[in-house]
Amino acid sequence: MAGDHAHTGPGTGPAPGPDTFSGPVPFAPGSLLWDITGDVRILLSLPPALVLQVAHPAVGAGVDDHSVFRTDPWGRAERSLNSLQLWVYGGEQALEEGRRLRELHRTISGTDARGRAYHALTPAYYAWVHATAYPVFLRAAQYLSHPFDEPDERRLYDELLRLGAILGIRQRDMPRTPEEFWPYFDAMVGEELERTAVVAELLDPRRPIPPPDGAGVLLRRLWPVLRPPLARLHVFVTTGLLPPTVRDRLGLAWTARDERGLRRLGAVVRTVVPLLPERLCYLPTARAARRAARG
């Protein structure tokens, strides 16, 4: 997932390089990620993935110390989303983007809240950031589109391993199968994740966020009225799409009423989005890739 990389789990050691993984292959039509990554509904699943990432103390410290998410929230989100789109729809550009990201993170290091030194390209940290995509994609599908069956869950995981190769993640630093993934994930939740300062900030509906970059005069005038309910909705959906064990670990309240509300919202999204024209259903990079594939 796009973000400031940082984990303690499988494989600590030197930063990964191009010779530490084999055969990254760009994605093409027919893959699950080709359909998922450009769908507008990914805008709802990326925030919970980010929360999962920064709940790791090292990742949270890296974002706290080095990210511009406070001073340039819209710009950072746009850059992360554009990078993510390139990973799947960029063809050979995906490989270059993977190299660019590794280079970008080489200088990111420091000390986390537990007093442990971190480096953004420590293999286990880098792998955790990527690993968060799997549980969040599965959760989002349950509510916002349709649940994956077992073969497609396995297929999705295999594709995420392929994506990891594009990003420079070594095969030995990721669980090899879904069966190996869940014990790894449960151990991370139970032993590593915590309500870091960045988690608390991202899930605070009172967090000050300016109007979107390039907003017109009318939106800027209405922003003080629009921001509070939009922020509450954002926090609600983000919290709901986190796995329940993660919510418990982070001390996030979630009631039966909340669950019913999320399911109602999901039903609306599942109904409306497939009816939209392609220009509204897919993000720009995905639309262009789909047009090129058809042509």
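Residues numbered from 1 in each chain as written. Predicted model: local features only at pLDDT ≥ 70, side-chain atom pairs only at ≥ 80, totals over all residues. Heavy atoms only, no water.

1. Overview of the overall build of the protein chain
So, point 1. Helix and strand counts for the protein chain come out as 15 helices and 2 strands.
So, point 2. Against the 2.2 N^0.38 benchmark of 19 Å for 295 residues, the protein chain shows a C-alpha radius of gyration of 19 Å, consistent with a compact globule.
So, point 3. Taking the principal axes of its C-alpha atoms as reference, the protein chain extends roughly 50 × 50 × 40 Å.
So, point 4. When the accessible surface of the protein chain is summed, it comes to about 13,900 Å², and 58% of that surface belongs to carbon and sulfur atoms. (Helix = DSSP H or I, 4+ residues; strand = E, 2+ residues; numbered from the N terminus. Rg over C-alpha atoms; globule rule 2.2 N^0.38 Å. Areas by Shrake-Rupley, 256 points an atom, 1.4 Å probe, with all protein chains shown as cover.)

2. Quick look at the confidence of the model for the protein chain
So, point 1. The pLDDT averaged across the protein chain works out to 90; a share of 92% of its residues lies at or above 70.
So, point 2. Confidence over residues 1–22 falls short of pLDDT 50; this stretch has 79 contacts with residues more than four positions distant or in other chains. (pLDDT = per-residue confidence, 0-100. Contact = heavy atoms within 4.5 Å.)

3. Considerations on the packing of helix α4 (residues 73–89) against helix α5 (residues 92–104)
The geometry of a pair of packed helices is captured by two quantities: the angle between their axes and the separation between those axes.
So, point 1. Relative orientation of the contacting elements α4 and α5 amounts to 135°, with a least axis distance of 7 Å. As far as their axial angle goes, α5 and α4 are oblique. The element α4 and its partner α5 pack so that their crossing is left-handed. Here Ser83, Leu86 and Trp87 of α4 come into contact with α5, specifically with Gln93, Ala94, Glu97, Arg100 and Leu101.
So, point 2. Grouping the amino acids of the contact of α4 with α5 by side-chain chemistry returns 4 nonpolar, 2 polar and 2 charged. (Axes fitted to C-alpha atoms, helices over the stretch in contact; angles between N-to-C directions. Parallel < 35°, antiparallel > 145°, perpendicular 65-115°, else oblique. Left-handed = near helix turned anticlockwise from the far one by under 90°. Nonpolar A, V, L, I, M, F, W, Y, C, P; charged D, E, K, R; others polar.)

4. So, the side chain of Asp112
So, point 1. Relative to the helices and strands, Asp112 is located in the loop between β1 (109–111) and β2 (117–119).
So, point 2. On the basis of relative accessibility, which here comes to 5%, the residue Asp112 falls in the buried class.
So, point 3. Engagement of the side chain of Asp112 in a polar contact is seen with the backbone nitrogen of Arg114, the distance being 2.8 Å.
So, point 4. Other than its neighbours up to four places away in sequence, Asp112 contacts Pro57, Ala58, Ala61 and Tyr118. (Buried < 20%, exposed > 50% of the residue type's maximum accessible area, 1.4 Å probe, protein only. Polar contact = N/O pair within 3.5 Å; in protein donor to acceptor, adjacent residues only side chain to side chain.)

5. Structural notes on the packing of helix α6 (residues 123–131) against helix α9 (residues 178–191)
So, point 1. Close contact between α6 and α9 brings their axes to 12 Å; oriented N to C, the two are set at 105°. Between α6 and α9, the angle falls in the class roughly perpendicular. Residues Ala127, Trp128 and Ala131 of α6 form the contact with α9, whose participating residues are Phe181, Tyr184, Phe185 and Met188.
So, point 2. Of the residues contributing to the contact of α6 with α9, the split by class is 7 nonpolar, no polar and no charged.

6. Digging into helix α7 (residues 133–144)
So, point 1. The first and last C-alpha atoms of α7 sit 15 Å apart over 12 residues, in line with the 16 Å expected at 1.5 Å per residue.
So, point 2. Counting buried positions over the 12 residues of α7 gives 11, a clear majority of the element.
So, point 3. When we look at burial in α7, the residues that qualify are Ala133, Tyr134, Pro135, Val136, Phe137, Leu138, Arg139, Ala140, Ala141, Tyr143 and Leu144. (Expected span 1.5 Å × (residues − 1).)

7. As for the pattern of salt bridges
So, point 1. For the structure on display, the rule yields 21 salt bridges.
So, point 2. Among the salt bridges present, the one from Arg154 reaches Glu179, with a minimum N-O distance of 2.4 Å. In this pair, Arg154 sits in helix α8 (residues 150–167) while Glu179 sits in helix α9, placing the two residues 25 residues apart along the sequence.
So, point 3. Its relative accessible area of 29% is what places Arg154 among the partly exposed residues. (Salt bridge = Lys/Arg side-chain N within 4 Å of Asp/Glu carboxyl O.)

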